[in-house]
Amino acid sequence: MSRPKSGASVLGRLGMVVAAALPLAMAMVVTPAVPVSASSGQPWRNAGQPPQRRADELLAAMTLADKVNMLHGVAQSLSPVPTVGYLPPIPRLGVPGVTMTDGPAGVRNGQKATEMPAPISEAASFDPSVARDYGGVVGTEARDLGQDQLFGPGMNIARVPTNGRNFEYFSEDPLLSGTIAGSYVRGVQSKGVIATVKHYVANNQETSRQTISANIDDRTLHEIYEKNFGIAIADGHPGSVMCSYNRVNTVYSCSNSATLTTALRGALGFDGYVVSDYPATHDTTDVAAGLNVELPTGFHETLPAVQAALAAGKITRAQIDDRVRETLTVLFRFGLFDRDTTATSPIDQNADNAVAQRVEERSAVLLKNDDVLPLSGGAGSVAVIGATAKNSAQGGGSSQVTPLSVDNAYDAITTRAASGVKVTYADGSDLSQAANTAKAAKTALVFVRDRSSEGSDRTSLTLPDNQDALISAVAAANARTVVVLETGAPALMPWLPKVAGVLEAWYPGARGGAAIARLLFGDVSPSGRLPQTWPARERDVPANTARQYPGVNGEESYSEGVDVGYRWYDARGVTPLFPFGYGLSYTSFAYSHLALGHRSGTSGDPVTVSFDITNTGTRTGAEAPQVYVSKPHTFVPSPPRELGAFGKVTLRPGETRRVTLKVSPRELSYWDSGAQAFTVQDGTYEVAVGGSSRSLPLIAHYTVNRTAEGLDGHPSVDHTVRPEYRAP
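An account of the accompanying structure is given in this report.

Rules of the game
- Residues numbered from 1 in each chain as written.
- Predicted model: local features only at pLDDT ≥ 70, side-chain atom pairs only at ≥ 80, totals over all residues.
- Heavy atoms only, no water.
- Phe/Tyr/Trp six-rings, centres within 6.5 Å; stacked < 30°, edge-to-face > 60°.
- Helix = DSSP H or I, 4+ residues; strand = E, 2+ residues; numbered from the N terminus.
- Buried < 20%, exposed > 50% of the residue type's maximum accessible area, 1.4 Å probe, protein only.
- Lys NZ or Arg CZ within 6 Å of the ring centre and 35° of its normal.
- Polar contact = N/O pair within 3.5 Å; in protein donor to acceptor, adjacent residues only side chain to side chain.
- Pairing = 2+ DSSP bridges.
- Arc of directions from axis to C-beta.
- Contact = heavy atoms within 4.5 Å.
- Axes fitted to C-alpha atoms, helices over the stretch in contact; angles between N-to-C directions.

Let us look at the packing of aromatic side chains. Within the structure shown, the criterion is met by 15 aromatic pairs. With a centroid separation of 6.0 Å and an interplanar angle of 35°, the aromatic rings of tyrosine 591 and phenylalanine 611 are classed as tilted. Of this pair, tyrosine 591 sits in strand β20 (residues 589-596) while phenylalanine 611 is found in strand β22 (residues 607-615), placing the two residues 20 residues apart along the sequence. For the pair tyrosine 591 and phenylalanine 611, one class covers both residues: buried. Within the aromatic cluster, the residues linked to one another by ring pairs are Phe126, Tyr566, Phe580, Tyr628 and Phe646. The ring centre of tyrosine 410 lies 4.6 Å from the NZ or CZ of lysine 390, which sits over that ring.

Turning to the environment of lysine 368, a few remarks are in order. Among the structural elements, lysine 368 can be located in strand β12 (residues 365-369). Assessed through its relative accessible area of 7%, lysine 368 is described here as buried. Distance in space between the C-alpha atoms of lysine 368 and tyrosine 169 is 24 Å, their sequence separation being 199 residues. Looking at lysine 368, its side chain comes within polar contact range of the main-chain oxygen of leucine 496, at 2.8 Å. A polar contact is formed between the side chain of lysine 368 and the backbone oxygen of valine 499, at a distance of 3.1 Å.

A few words on the pairing of strand β29 (residues 677-680). Of the two faces of β29, both are covered, the one formed by Ala677 and Thr679 as well as the one formed by Phe678 and Val680. With three bridges joining them, strand β28 (residues 670-672) and β29 adopt antiparallel strand pairing. Each bridged residue has a counterpart across the sheet, and for aspartate 672 the counterpart in β29 is alanine 677. Counting the residues between successive antiparallel strands, the hairpin from β28 to β29 contains four residues, one of them, glutamine 676, with a positive phi of roughly 50°.

Next up on the list: the sheet that holds strand β30 (residues 683-690). Pairing in this open sheet of five strands is mixed, and the strands run β21-β31-β30-β24-β25 from one edge to the other. Two strands close off the open sheet at either side, each with one partner strand: β21 (600-601) and β25 (642-646). Inspection of the sheet shows strand β24 (residues 626-630) paired to β25 by four bridges, in the antiparallel sense. By the bridge assignment, glutamine 626 is partnered in β25 with phenylalanine 646.

Those residues of helix α14 (residues 431-439) not exposed but buried are Ala434, Ala435, Thr437 and Ala438. Down the axis of α14, the buried set is contained in an arc of 160°. They therefore lie on one face. Turned more than 90 degrees from where α14 packs its buried face, Ser432, Asn436 and Lys439 sit exposed. On its buried side, α14 packs onto β13 (381-385), β15 (422-426), β16 (443-449) and α15 (467-477). The backbone nitrogen of serine 432 lies 2.9 Å from a side-chain oxygen of the residue at the head of α14, namely aspartate 430.

Here we take up the sheet that holds β16. Spatial strand order, β12-β18-β17-β16-β13-β15: six strands in an open sheet with mixed pairing. Of all strands in the sheet, those bounded by a partner on one side alone are β12 and β15. With direction set aside, neighbouring strand axes in the sheet form an average angle of 15°. Packing against the sheet, α15 makes contact with β13, β16 and β17 (481-486), and its axis sits at approximately 175° to β16.

Here we take up unusual backbone geometry. At the junction of tyrosine 200 and valine 201, the peptide bond is cis and its omega measures out at 5° in the coordinates. Tracing the sequence through the fold places valine 201 in the loop between β6 (194-200) and β7 (213-215). Omega for the peptide link from tyrosine 549 to proline 550 comes to 5°, which places this bond in the cis form. Locating proline 550 in the fold gives a position in the loop between α16 (512-520) and β19 (555-557). Positive phi, normally seen in glycine, also occurs at alanine 202, with a value near 65°. The topology assignment puts alanine 202 in the loop between β6 and β7. The phi dihedral of threonine 250 falls on the positive side, at around 80°, and the residue is not glycine.

Structure, rendered in structure tokens:
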């Protein structure tokens, strides 16, 4: 790609920075750090100094062996508390041990913790405050269990809907993914725990994840797969980033100076430390590429290996010092030198369960409702069908939590229905029995789930275990059938025309049953929106060839480029089953009076977008307004529209509220490979507002000028109306 032509301007960095905590020590003693005065000859113990200065003072006192012992972990059994990763202390220098735990969906270190809803639910809320509350619970419990660093959030782009870890990730859109991740990081780190943003970068499938090369053009890498990390770094300032197993353009992620140094520390502004996935390292020179800590233990970053690499000139002492300094700065920043890092406290189970329930209530997505929901107090009789109703679905792998407690939907529905409503049950193993149970009830609720896990991708988007047949049998017996999906990602719905309602509950967490009951009975109106497009057919996905996914001969081509998710569907005119951003409510909303703060501006100006939202229904509900931008095609082809801003607003019946959202220059930009920078080109941009990527009733136009010429200071008003997407 060429450098910017006349009229284009170059933006600054995408992201701000990051900070984190890192490995330590040489000795196997597990004594917690105890603060001492600077008069002991250890000036770095003075907590009144800036973290960077303390790190420099400590680094000057360290031997090569001390430094090398901060480049890798040791056996977790050496930790004084249960954990999944451990950097041992250096008592001689007062360096504390660092405990590390899994944790995107709750703390997972071998002990019991609160099972939060699947992380995808945070993005489905379209509400950063939900992600911050979620992160706050996980951070609090990590601290309660003596953990210093949390491996989360996971935020890889949902390029492939069958990816086994999509339930752990957020979205197919980098703005939504990065914004939610940044809020999650703030929640975790507000509790004094180091968040670890992962998996950097392009770790978008589980199939062959340890060897596959994601071959991505420069523009796509920056605009889609690194941009979300940049936003999370700018918004959340995470202490750590985890590099992934896979290769990027043939080079392993943890050995890749282009991604770890040039992009992550350069363009994205990350200033923390990088830890490897378990294990994802390949050479002692990974330190030179930008890796700080090899986990789980030392394979390549051992003292003999480092000494040999130094002697051969493959790495330098300055590079080692840089990596250790970055780690130490984060440890000082988070106060690990100044407290007992392994202190534990009881978990406040009731408070944390309450947050888990609120997250679920705000993120469940109502996909279809033919006047069957909400259930009324006079519901008559309700048949609850499917074993999932008496269980709590979770995704598998390193995010699977051992729960302190868990409820179930059947019990919660029975309790909520109270007297006068008969609730019956069938586990669904016998289709005839299930159909008969449904036929005898006024309304049938069918609970189904998928099975997703780290380590493997789903073989298809079809629900497993013959559940489609169960739904069809129940729907044939009862026209008022509602399907409650507990899935971590999209699923095909061959039975959709036959059922009256569909509620996507994700993996609902410790109080998912109570939340689902409240949603079904209308105690709270569903307000979640889809953070991933749901295809109508298996082949209706952007990566639809073997070379694109799962790859051929160890390499996969990201030939769809920037057309990921809804961008691909819009560019090719493919109608999805449900579009990105879609979700229904028990009320209705109308958009009107769109106005831009200015009709034009320079490339560095944000676009202020204001509009009215009115609750035109009879119930209180929350809407997730979304702003999409269409860019000029002068220099590069761009998707038809891209998410530029979003929000969440709760309205009473009949209430109108003026909403103002800002589209940052970053969302107007494209990556110019010639300039190696994000660039906003001159031209006219379409700004569309509505309730999903395919329901955008309001349209205005905004002009970018290289100078302030034409900036008239008057609002731009446009009442153009587009037809809305209708659910099948």
